[in-house]
Amino acid sequence: MKSYSNASGIHIVASGAHAVAGATPSLATHTEHAQPDEGVSDAARVLVAEADPVSGSSSTVWDSGLERYRPGALPQLRYAGPPLRSLTRYEWRVEATVGGQVVTADASFVTGLAGEADWLGARWIGGDARADSARHLDQDRPSTRDLARSGRLAAPLLRREFSLSAEPVSAILVVAAGGYARATMNGRPVCDDVLSPGFTDYDRRVQYVATEVTALLHEGDNAIGLELGRGFYGMTNPNTWSWHKAPWHDEPCVRALLRIRLATGDTLDLVTDQTWLTTGGPTVLDDLYGGEIYDARRERPGFDRPGHDASDWSPAAPADGPRGTLQAQTQQPIRVTETLPAAAVTEPRPGVFVIAFPRVIAGWVRITVRGRAGDRIELRYGEQLTADGTPNIDDEKGYFSDGFQTDVVTLAGGTESWESRFSYKGFQFVQVTGWPGGAPEPGDIEARVVHTDAAETSTFEASEARLARIHRIVVDTMLNNLHGLPTDTPKFEKNGWTGDGLVGADMFLTDLDSRVLLEKWVDDIADTRPDGGAPALIAPNAGFFGVGTRAPVWHAAYLLVPWDLYRHTGSTAVLERHFEGMADYLRFELGRSPGGIADTILGDWVSPETDPGGGNAPEDSRVPATAYLFRMLDVLAQAAVVLDRPADARSWRSEAERVRAAFVRTFVDADGGVVRGENDDGYRQTHNALTLAFGILTDNDLAERVAARLAAEVRGRGYRLDTGALGTKYLLPVLSDWGHTETAFAVAMQTDFPSWGHWLANGATSAWEHWKLESRSRGHYFLGTIDDWLTGWVAGLRPGGPGWREIIVAPALTDSLEHASASVETPYGRASVSWRRLAGALTMEVEVPVGATALVTVPGLGAQRVGAGSWTF
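We now turn to the structure provided with this report. (Residues numbered from 1 in each chain as written. Predicted model: local features only at pLDDT ≥ 70, side-chain atom pairs only at ≥ 80, totals over all residues. Heavy atoms only, no water.)

**Re the pattern of salt bridges**
Following the criterion strictly, the structure yields 61 salt bridges and no others. Put simply, R622 and D620 hold a salt bridge, and the shortest N to O gap is 2.9 Å. It is possible to trace a salt-bridge network through shared partners that takes in R204, R205, K520, D524 and D527. (Salt bridge = Lys/Arg side-chain N within 4 Å of Asp/Glu carboxyl O.)

The structure is reproduced here in structure tokens:
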């Protein structure tokens, strides 16, 4: 990304892609620090040029011509020129007139591979064909850990040497994998990505990554090395979600193309085929859930350098490879984003050491140790401590048959350093046994924080430190659950549960640069419904778990996440791509919802009364199911309007009104001002919060009575919530919207069970799976959706129009809070609000980016619409 300013202080930002661009890339721009002249139309011209790495020059391939836009509203522009060449760097420039000033900006992108022909005959290859295959596990064969000790399941190493007759001026390596592929050249990693490429349904789509590697090559002899990991492609550990028997399941494999341009103008293409050599590597077992077994004595030092003795290596074996369509990975890569030092080292039992780190993370540890050849160290990871001071490392629900969150490292002798390559764990504590020479020093073991490298895009502060602390642990928990898709716990499941992503999408899009990742995940959800029915409960999916269920609350992610993407980004691309699929699913759901009343096997999950291991709230599951059915129909009708499909809009609006009427008729007690179902265990906050949040009640007086009753019930419980994952997202915003902010604030500040403050009072550094202290997982974000309220209502900053084109600035003020502030990086630039109460006076500062307007509600002054700039009220 590059930006340029002119003398007036205005500047425009041009953004390249996260990874390689497709054939018709979107070219993103926004302007900053400009005060638009409402009487002058803005204009922009885009130039795209192909860069020649040999001459250093470039030639224009597309000129958009001058186009005029609403003042400040430079859009995302889609390339409309001739077809772009594969594996080629293109530079693009936007020349814009903004607020009467001329500004320019430059960025660049690299194209991917347009089709099969561009792979130039590269084949899928894997390890030695003589190696033991774990393809077909059964109860009669030895455990995978027993097989691993023989080296028969070792992660394959692959290598190829080649010579360059001149200096390289451009080199791009493209790697697709069944599982993971770690690439090195001439002894150096090609990039800092880990757990790459991204994970999909390998029968539908297979991601590849392209990396510029020019700096790693030189004239003369060179070598490339690859190490393959199993990931979700070749998992050997039998598990509840059946990844070990997925229809694509096979040994890890790779397909690669290295394109090199030389200073002479010549091009060299190196592809994977049977001229590559392979052997088993030092990682004798890798399992995303179970951990890794590593034997340093099996290392092949220098295997990725020219001249390595490969006399005992074998030709690479041809592989069938994944059946899915190859696609460029566009979501950000997974990386090691932070290294944390140990906070403490204890020895609860002789020879058993526990390393504590500052907070719960997703990732692994890096050890530095000196020992003898054959010394064996075991590392077991846990999120919390048991009564005896050791980590809780139990697989409590029996999800896995063969290992859980455990690394075993055998030393080669001397001083060595090691860290995981193909698995990650959820943990704050690591139990260490077998450490040579006594106790490890704090500096010997470091925690490596690993997740999708998504930048934080928001800030939040408040005069009550507890609120700011809640925001921090929620954001950390979201990051712990970003690994190419939104997951539900880095310790236990690592799955893309649709209900979790459903309630978390707003937070992800506000707090993190997660747009492209969520767009990819919507495609994953669509891949789980090949028969046109309901999506599966987790996406991607192996085809066994959570398939063919009746859970419209969870299935709603297929419609509501695309709608959230539209609300936050302004892009209709995902709505357009999936509209027909969403409509097909809703027709299916209506067909099994007699009289417009739906039901679900998953309702308001983990309300306070439920078992710490999980469970539905004790209430009529038809109420949230029907509320979400209405919400989906309402959203699809709105999407049809956005996409200019008037007939569809009328049809889906009619269905929404039919379900609304059925809901009100069946569940709303107008006289009592309450929403209730059959056999509810008392008053249910979630029933009433969902009804108000989704706008089901058209009678405003009735809605006001329902909101007043909800507030009274909350106060009657001592300002405690009674909600699970569904109701928690909406409870506080609904209370604030209907004039009960003091009640909402009291709930947020609560420290007794159940509350976020109760977590903090008991040492929480992350959001938990349950309100109870016995919560199985300390790595779930779905009860942390209070963050929507913190940014959008406490500070008062939230989107009012698609893509934040209109911004709502409306703090829900309370006598109990003196100050709050928030900022969000919107598609138009940074928006912010900061309000402060001092000596009976309120001061509010608002920043609106160029291209957006804000509807600012100031107590005592009403609502005012303002344009771009900095405003003080």
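**Points about the environment of M478**
The residue M478 is located in helix α2 (residues 465-480) in this model. In sequence terms M478 and S420 are 58 residues apart; their C-alpha atoms lie 22 Å from each other. What M478 contacts, discounting residues up to four positions off in sequence, is M507, F508, D511, L512 and Y781. (Helix = DSSP H or I, 4+ residues; strand = E, 2+ residues; numbered from the N terminus. Contact = heavy atoms within 4.5 Å.)

**Some points on the pairing of strand β32 (residues 425-433)**
Where burial is concerned, most of β32 is hidden: 8 out of the 9 residues are buried. With 8 bridges joining them, strand β28 (residues 352-371) and β32 adopt antiparallel strand pairing. Each residue of the ladder has a partner; that of V354, found in β32, is Q431. Relative to β32, strand β29 (residues 376-382) is paired through 5 bridges, and the arrangement is antiparallel. Bridge pairing in β32 links E378 to T433. (Buried < 20%, exposed > 50% of the residue type's maximum accessible area, 1.4 Å probe, protein only. Pairing = 2+ DSSP bridges.)

**Thoughts on unusual backbone geometry**
With an omega of 0 degrees, the peptide bond between A539 and P540 qualifies as cis. In this structure, P540 sits in the loop between α4 (515-527) and α5 (552-555). One non-glycine residue, L87, lies in the positive phi region at around 50 degrees. As for its placement among the helices and strands, L87 is situated in the loop between β7 (77-78) and β8 (89-98). Look at L87 and you get buried, because its relative accessible area is 8%. Residue Y719 is not a glycine yet carries a positive backbone phi of 60 degrees. Relative to the elements of secondary structure, Y719 occurs in the loop between α11 (700-716) and α12 (725-737). A residue is classified by how much of its surface remains accessible, and Y719, at 33% relative accessible area, is partly exposed.

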